[in-house]
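# Chain and residue survey
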Amino acid sequence: MNFFKLLMTSLTFVVLFNANSFAADAAKGKKVYTKCKACHNAEEPKNKIGPHLVGIVGRKSASVDSYTKYSDALKGANIVWDEANLNTWLENPKGMYKGTKMLYPGLKKEQDRLDVIEYLKTK
Ligand code: HEC
C-alpha cells in the first residue's frame, strides 16, 4: 500500500468513526432511559412522580393536564420541547429552570442525552 492510499484509508476511518460516535441511537437511549423510569412513563399516558413522557418531543412544556404537580418554574417555561432544549434540560434541569421539581442531577454525557432523546422520539 503506498502512502497516499494509506492516508486516504485513515481519513475514511476517521470520518466514519466520528460520524458513528455522534449519531444518536434509540436502542442505546432505551438503556439510558432506565434512569428516568422511576419517575416517568413513556409507554402510556400515566404519571408517576413526574409527568408521562408520551410524545414529549414536540410537546408543550408543563402541558399534561392530568399531572397536577408541575412546579411554577416549569409552568412558566412556555416552550415546546425539541431536541435542542431537551439536551439543555437533561444536562442540568435546575440550571435551566431554577425551582424545578425534577430532582435529577442530569445526564453529563452528551452522547447519553442524544441517545435518550432519540429514544423518546419513538414514544
Ligand atoms: C427523581 C424523579 C425524576 C427522574 C429520575 C427524572 N425526572 Fe423528569 N421530571 C420529574 C418531575 C417531578 C418533573 C416535573 C418538574 C417540574 O414540574 O418542575 C419532570 C419533568 C420532566 C420533563 C418535562 C415534562 C413536561 O411535561 O414539560 C421532561 C422532558 C423530563 N422530566 C424528562 C426526563 C428524562 C428524559 C429523565 C431521565 C434522563 C428524567 N426526566 C428523570 C422527575 C424526574
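In what follows, the structure referred to is the one given above.
Quantities reported herein were computed from a predicted structural model and do not represent experimental measurements.

This part is about the overall build of the protein chain. Looking only at helices and strands, the protein chain has 6 helices and 0 strands in total. In the protein chain, the succession of α and β elements from N to C terminus is α-α-α-α-α-α. Taken over 123 residues, the protein chain has a buried fraction of 17%. Of the contacts formed within the protein chain by residues at least 6 apart in sequence, a portion of 49% connects residues at least 24 apart.

Time to look at the site of the ligand. Close to the ligand lie 27 residues; Cys36, Cys39, Gly50, Ser71 and Met102 are nearest. When the residues that make up the shell around the ligand are grouped by side-chain class, the tally is 19 nonpolar, 6 polar and 2 charged.

Once that is clear, we can look at the environment of tyrosine 67. Within the secondary structure, tyrosine 67 sits in the loop between helix H2 (26-32) and helix H3 (72-75). The class for tyrosine 67 is partly exposed, based on 15 C-beta atoms found within 10 Å. Remark: the alpha-carbon pair of tyrosine 67 and lysine 48, spanning 19 residues in sequence, is separated by 8.8 Å. Ignoring sequence-local partners within four residues, the contact set of tyrosine 67 consists of Asn47 and Pro51.

Under the 1.5 Å per step criterion, the end-to-end length of helix H6 (residues 110-121) is 17 Å for 12 residues, consistent within 8% with the ideal 16 Å. Those residues of H6 hidden inside the fold are in contact with H2 and helix H4 (83-91).

Another point: the packing of H4 against H6. Between H4 and H6, the least distance of the axes is 10 Å, while the angle of their chain directions is 125°. Comparing their axes, H6 and H4 come out oblique. Here H4 runs over H6; the crossing is right-handed. Between H4 and H6, the residues in contact are Glu83, Leu86, Asn87, Leu90 and Glu91 and Arg113, Val116 and Ile117, respectively. When grouped by side-chain class, the residues that make up the contact of H4 with H6 number 4 nonpolar, 1 polar and 3 charged.

The rules we used
- Residues numbered from 1 in each chain as written.
- Predicted model: local features only at pLDDT ≥ 70, side-chain atom pairs only at ≥ 80, totals over all residues.
- Helix = DSSP H or I, 4+ residues; strand = E, 2+ residues; numbered from the N terminus.
- Buried ≥ 20, exposed ≤ 12 C-beta atoms within 10 Å, placed from the backbone.
- Contact = placed C-beta atoms within 7 Å.
- Near = placed C-beta within 6 Å.
- Nonpolar A, V, L, I, M, F, W, Y, C, P; charged D, E, K, R; others polar.
- Expected span 1.5 Å × (residues − 1).
- Axes fitted to C-alpha atoms, helices over the stretch in contact; angles between N-to-C directions.
- Parallel < 35°, antiparallel > 145°, perpendicular 65-115°, else oblique.
- Left-handed = near helix turned anticlockwise from the far one by under 90°.

Without other data, these values stay purely geometric and don't point to any function.
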